Amino acid sequence: QVQLVESGGGLVQAGGSLRLSCAASGRTFSNYAMGWFRQAPGKEREFVAGIIRSGTSTYYADSVKGRFTISRDNAKNTVYLQMNSLKPEDTAIYYCAADETTYVYRRTSNAGDYDYWGQGTQVTVSS
């Protein structure tokens with residue numbers, strides 16, 4: 001299995017930026033499609049961004065498209081989420097997740113398809 005540890009969360013003013021990191025350990029990182037999800041208080045966990053195993057294709061929720069960028073470095077076993085132009089509605093706990101798959105072009109926004117999850121990192125955007 002793989003262990004995931006997020007970092008980089010914090011408090012930022014609206015319009016600001018944060019970069020989240022998710023370090024993976026355990027199995028071969030490039031065997032996993034990766035995703036970022038978030039959960040705000042009183043709301044269900046929602047998909048934010050995903051990236052295929054090689055990192056050559058990414059996809060986003062409409063709410064973050066154009067503001068957030070997901071990337072990965074398979075040599076460093078790390079996936080990133082660059083968040084720009086942050087809004088108060090982006091406030092949530094952010095989780096990275098790993099989907100173990102043999103399909104190199106695997107893309108999914110369904111939380112149930114992901115096999116492993118980090119503990120989450122809090123992002124708070126003040127107005």
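Before reading on, note that the structure itself is shown above.
Residues numbered from 1 in each chain as written. Predicted model: local features only at pLDDT ≥ 70, side-chain atom pairs only at ≥ 80, totals over all residues. Heavy atoms only, no water.

**Some points on the overall build of the protein chain**
The helix and strand inventory of the protein chain stands at zero helices and 11 strands. When the elements of the protein chain are put in sequence order from the N terminus, they spell out β-β-β-β-β-β-β-β-β-β-β. Taking 2.2 N^0.38 as the reference for a compact globule, 127 residues should give roughly 14 Å; the C-alpha atoms of the protein chain span a radius of gyration of 14 Å, in line with that estimate. Each principal axis of the C-alpha distribution contributes one length, and for the protein chain these read about 45 × 25 × 25 Å. Within the protein chain, buried positions represent 45% of all 127 residues. (Helix = DSSP H or I, 4+ residues; strand = E, 2+ residues; numbered from the N terminus. Rg over C-alpha atoms; globule rule 2.2 N^0.38 Å. Buried < 20%, exposed > 50% of the residue type's maximum accessible area, 1.4 Å probe, protein only.)

**Focus on the environment of P41**
Turning to its location among the elements, P41 is positioned in the loop between β4 (32-39) and β5 (46-51). Remark: the alpha-carbon pair of P41 and Q13, spanning 28 residues in sequence, is separated by 19 Å.

Scope: geometric values only; no functional claims are made or implied.
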